[in-house]
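Listed below, chain by chain, are the residues.
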Amino acid sequence: MFGKGHIVFIIISIILILLGTVACFAKKPPVEKVLKTGFCLASAMEAVKMLLSLQIVPVVEPVIKGGEFMYRETGKYSPYIMAEHLPFELCSLQILFMFLALVIKNETWKKRCLSVIYGTALIGGTVAILLSSIAPEYDSATDFLLSPRAWEFFIYHSMIIVIAIYIGFGRECDIHFADCKWMIAAVALLDYASLYLNSMLSVPAYLNDRLIGLEYAVNFFSSYNNPFGIVVREKWQYLIYLAIRISIAVTVILLVYLPLYLRDRRRSK
């Protein structure tokens, strides 16, 4: 993280965000057109990500040979995408949010959906660019800069930030500070659902029909592994971590919506 390649991509992302934002506010296209364009581009880039993440792996079966447990290839192969590449992170879910905003006809619920896009895309896109999850995958800056996956990653997150800014500060959507409650509700619901999702996609290890751990853990929404270095071995420790996460999430959401409050105060004067 924050290697030469990562820093270059951060600079490129800032330039793309500035150019995209200036272009949107200069041309003032309808928000629906921006969402349609964003949805199509995001869907295409997600498809590219899936193709780049796709692996052809052998189908194996467990056997015991010479008293040693091992896996034996069956001669068959199957395409496979590792669970962490599935589109269940906050940024990937923007595709679903944009789709809902386009198909919902009720103006009240459409506005609520747009307010969720504003907050989640702005926060998710910014965090993804600054704390890139793919940066550690590359051994050198050259490999990073020449990677199609890296370009897709940073272009995608730059795009959703531009869309978020246009939704939040354009006059058409009329998003206000009070609308942050819908983002808080949406994030809380998704965070809760991630506990089920991570459990379903993780691989449990059993000994004598007793769960002894996980062979493979999925961590959507940082539900399992935390970035704060908090040791979580007991449920009460996890509840402390959960309380910290909730506090930080609410604080960040309020900060993201604060500019809308200040904007509305200036307009009222």
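Above: the structure in question.
Structure report, in brief.

**Describing helix H4 (residues 107-130)**
So, step 1. Taking 1.5 Å of rise per residue, 24 residues should cover 34 Å, and H4 covers 34 Å from first to last C-alpha, within 8% of that figure.
So, step 2. One side-chain oxygen of the residue at the start of H4 lies 2.9 Å from the amide nitrogen of Thr108, identifying that residue as Asn106.

**Quick look at the pairing of strand E4 (residues 210-216)**
So, step 1. Sheet analysis places strand E3 (residues 203-207) next to E4, joined by 5 bridges and oriented antiparallel. Across the sheet, Tyr206 pairs through a bridge with Leu211, a residue of E4.
So, step 2. The antiparallel hairpin formed by E3 and E4 contains 2 residues in its connecting segment, where Asn208 sits at a positive phi of about 55°.

**Quick word on unusual backbone geometry**
So, step 1. The phi angle at Lys28 is positive, at roughly 50°, despite the residue not being glycine.
So, step 2. You can see Lys28 is positioned in the loop between helix H1 (4-27) and helix H2 (31-53).
So, step 3. For Lys28, a relative accessible area of 61% translates into the label exposed.
So, step 4. Unlike most non-glycine residues, Asp174 shows phi in positive territory, near 55°.
So, step 5. On the secondary structure map, Asp174 appears in the loop between helix H6 (148-169) and helix H7 (180-201).
So, step 6. Of the residues examined, Asp174 reaches a relative accessible area of 37% and is grouped as partly exposed.

**Considering the environment of Ser53**
So, step 1. Within the fold, Ser53 resides in helix H2.
So, step 2. Judged by its relative accessible area of 8%, Ser53 is buried.
So, step 3. What Ser53 contacts, discounting residues up to four positions off in sequence, is Tyr80, Ile81, His85 and Arg149.
So, step 4. Here Lys49 takes part through its backbone oxygen, which lies 2.8 Å from a polar atom of the side chain of Ser53.

Quick notes on the rules
- Residues numbered from 1 in each chain as written.
- Predicted model: local features only at pLDDT ≥ 70, side-chain atom pairs only at ≥ 80, totals over all residues.
- Heavy atoms only, no water.
- Helix = DSSP H or I, 4+ residues; strand = E, 2+ residues; numbered from the N terminus.
- Expected span 1.5 Å × (residues − 1).
- Polar contact = N/O pair within 3.5 Å; in protein donor to acceptor, adjacent residues only side chain to side chain.
- Pairing = 2+ DSSP bridges.
- Buried < 20%, exposed > 50% of the residue type's maximum accessible area, 1.4 Å probe, protein only.
- Contact = heavy atoms within 4.5 Å.

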